[in-house]
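An overview of the molecular structure
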Amino acid sequence: MKKFCLSVCLLSLLGALKAQVDTTSIALDEVVIKENRLEIPFAKSSRNIAVIHRKEIETAPARSLQEVLAFTPGVDVRQRGVSGVQADVGIRGGSFEQTLMLVNGIKLTDPQTGHHMMNIPVPLGSIERVDILKGPASRIYGQNAYTGAINIITTLPDEIGLQGGIYGGDFGMRGGNLQVALPVGSFKQSFSLSHDASNGHWYNSDFVVNNLFYEGGIDLNDSHEIKALLAFTSREFGANGFYTSAFPDQWESIQTYLGAISHTYDARRLWVNTRAYWRRNEDEFRLYRENPAFFQNIHTTDVTALEINGRYQSKAGTSGFGLEGRSEQIDSNNLGNRERTLMGVFAEHKIAFLSRGDLRAGVYSNYYSEYGWRHFPGAEIGYELSDLVRLYGNYGVSFRIPTYTDLYYVGPTNIGNDALEPEKAINYEAGIKLGAQNLRAEIVYFNRHTNNLIEWARADAADPWQPQNFNEVTFQGLEAGLLYRFTNSGEGLRIEEASLSYNFIDANLVEREGQETRYALNALRHQLIGGLRTSYGPGIELNLKTRYIERMMLDPYFLLDARLDVHRLKKLGYFAECSNITNADYIEAGTVQMPGRWFRAGVNFRIR
C-alpha cells in the first residue's frame, strides 16, 4: 500500500503543466456569498472568505465534512478519530465554542456544549457549497460567531436524478450514501441518507454515524417561495481519550434533529425572508461503557427560533435589517432543567464611493434574559485599485455567551462556574486580494483582543478544570494564500489546479499566577497547506493534499493525503483514498492517538 500511494504522488508531480476544464467547476469571481441579509459577490467582499465548491468536496481525500474543512487555510479541525465522528472546529486560534455552524443560514448553536457544533445532520453528498467567513461575524449572524462562521449550503435540483455510492477501508470502515432528486412541476424536493461505521483504529474507538436529510421547496409565483427542511443524525461511538485519558472505556450516543420552514418574498428592490426552526440534541455519555450506573450524563437541549431578515435597495445603497427571537432549553441529570431566551436586532447599510470603493457598516443589538442588552458594531471598507487588485479592512466586536456546561457541569475532572460573564472581543483585519481569471492570491493581517476570555484552567494537576474569565489575551496573525488554475487542454497527464497557503498565529495570554490553561494556547501557530489536482485522459483524476501543522503546545506534524478518481462524472465511477501517507505520529484533540497510514476505496453511480 505504501508503494502504491507514493507512486501515484510521484506520477502527479511529473506531469506536464496542462489542464482540462471540469464541467462542474465554477469561477470564484462568480460566487455570491449569501449571508442572511446582504448578498456580496466573492470578488467584492471586504473580508477573508473561503469557499469550498461541490467539485472540491467530491475530489477531496475525505469521508466527512470535518475532514474536508481540515484542508481549508485558517481553519483548525481537531478530530477525535477517523471520519470526523467527533471534531472541534476553530478559526484563527479560536476554540470550538467560538465558531458558529449554519445550514442554509440556520444557526446550529448548541447551548449544552460546542463539542456538538459539528453534529451536522446533512450527508456529504447533499452539500453544494461551504462558505467560511473568517473573523468576527456577530454583526452578521449574532452571538457565538466569535471568531468566524461556517455556512453549509444545499440546493434543490431542477431535474430528476439518483446518485450514491458505497466504500470500505481499513479499521473495518464501511459506508454508503444515496441522494434522490424528485421535482414535480414547480415543487422541488430532494432526499438523501448516509451511513458510516468503523471498528475503530484503537481500543474503544468504534463508531456508527447515520444521516437523513430532506428538503423541499415551491415557487408560488415570481415573488414568493416556500421551503422546508427536515434532518436527523445519529452518532454512537467509543470515546477513548476524547475527554480524559483516565477512563479509556468512555462511550457516547448523540441524536440531533433539525426542522425548518421559510418564506421568501423577492421583489425588484425588496427582499424579505421569514424563517422558523427547531433543533434538538440528545446526548448520553457514560464514563464506563458497560456500566452506566458508575457515571452517566443524559442531556436533552431544544432550541426554537423565529427570524425575519431583509434588504432594500435604493439610490442611497443597500440596507439590511433583521429581527430574531430564540428560546434555549435543557433537561439534564447533571446540568439541571434550565431555560433562557434571546432577542436580537440587526441593522446594516452598504454604499459605494469614488466608483471603485464600498463601505458597509452595521450593528447587532442582543438581549439575553440572563445578561440584558449588549451591542456589537462592525464595519468593512474596500477599494479596487484595478480590475485585479482590491484593498480592504474591517472592524468588528464579537461575543459568546457561556454554555450550560461552562456554567453548571459537575464531573470527576471538570466543574462549571455559574459566575461566568459572556466573553467579548475587538477585532481588526486588513488585506489585499489579487484576482484574475486563473489566479487568486490574498494576504491578510488580523488582530483579536479580549479582556474576559472564557478559558478552562486549574491551579494544580490534581485539581479539576474550571472555566474562568481571564483578564487579557491577544491573538494576531498573518494569512497568505495562492491558487492557480491551469487552462491549457490536452489528452495526456495534466495539472489542473495548484494551491498553497500559510497561516501564522501569535497568542499573548496574560495568565493568572499559578494557573494552567487548557485551550487558549493549544491553537495553531503555523499551518502550511498545499494542494495539487491532476488528471489523465478523459476520466482519471488525482488530488493530493499536504499539511504541516504546528500547535502552540503540541509537537508539529506533516500529513500527506491522496485521492484517485476514475470516471467520477460518469454513470459508474471508482475511487481510492489514502490518508497519512507518511505514517505520521500525531494527536489533534484530547489524548486520542490518530491513526497512521490508512486506506479506503469505493464505487459511485449517477443516474440522470
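Note that the coordinates shown come from a computational prediction; the quantities given were computed from them, not determined experimentally.

Conventions adopted
- Residues numbered from 1 in each chain as written.
- Predicted model: local features only at pLDDT ≥ 70, side-chain atom pairs only at ≥ 80, totals over all residues.
- Heavy atoms only, no water.
- Pairing = 2+ DSSP bridges.
- Helix = DSSP H or I, 4+ residues; strand = E, 2+ residues; numbered from the N terminus.
- Buried < 20%, exposed > 50% of the residue type's maximum accessible area, 1.4 Å probe, protein only.
- pLDDT = per-residue confidence, 0-100.
- Contact = heavy atoms within 4.5 Å.
- Core = buried A, V, L, I, M, F, W, Y, C linked by side-chain atoms within 4.5 Å.
- Salt bridge = Lys/Arg side-chain N within 4 Å of Asp/Glu carboxyl O.

One open sheet holds the three strands; their spatial order is S26-S25-S29, and the pairing between them is antiparallel. Edge strands, defined here as strands with exactly one partner in the open sheet, are strand S26 (466–469) and strand S29 (516–517). Two elements, strand S25 (residues 454–458) and S26, share four bridges in a ladder whose sense is antiparallel. When the sheet's bridge partners are listed, Ala457 is paired in S26 with Gln466.

Our next topic: the sheet that holds strand S7 (residues 106–107). Read from one edge of the open sheet, five strands run S3-S8-S9-S6-S7, paired in mixed fashion. The sheet terminates laterally at strand S3 (49–53) and S7, the two strands that pair on one side only. Here strand S6 (residues 99–103) runs beside strand S9 (residues 148–153); their pairing, made up of five bridges, is parallel. Bridged to Thr99 within S9 is Gly148.

Another aspect to go through is unusual backbone geometry. With phi around 50°, Asn104 is a residue other than glycine that occupies positive phi space. Locating Asn104 in the fold gives a position in the loop between S6 and S7. Its relative accessible area of 21% is what places Asn104 among the partly exposed residues. Positive phi values are uncommon outside glycine, yet Leu354 reaches one of about 55°. Mapping Leu354 onto the fold places it in the loop between strand S19 (336–353) and strand S20 (357–368).

To continue, consider the confidence of the model for the protein chain. Per-residue confidence for the protein chain gives a mean pLDDT of 90, with 94% of residues at or over 70. Within the model, the stretch residues 1–28 combines pLDDT values under 50 with 61 contacts to residues more than four positions away or in other chains.

Of all hydrophobic cores here, the largest spans 36 residues; its most connected members are Leu65, Leu69, Ile120, Val130 and Ile132. Leaving out residues up to four positions away in the same chain, Val130 has contacts with Ala50, Val51, Ile52, Ile57, Leu65, Leu69, Ile150 and Asn151.

For the structure shown, the criterion picks out 48 salt bridges. Salt-bridge contacts for Arg54 lead to Glu58; the nearest nitrogen and oxygen are separated by 3.3 Å. With a gap of four residues between them, Arg54 and Glu58 both fall in helix H2 (residues 54–59), about one helical turn apart. Between Glu58 and Arg568 there is a salt bridge; the shortest N-O distance is 2.6 Å. Taken together, the residues Glu58 in helix H2 and Arg568 in the loop between strand S32 (557–566) and strand S33 (572–579) connect sequence positions 510 residues apart. Each member of the pair, Glu58 together with Arg568, is buried. Beyond isolated ion pairs, a larger network of salt bridges with shared partners links Lys107, Arg275, Glu307, Glu324, Arg326, Glu328, Arg340 and Glu370.

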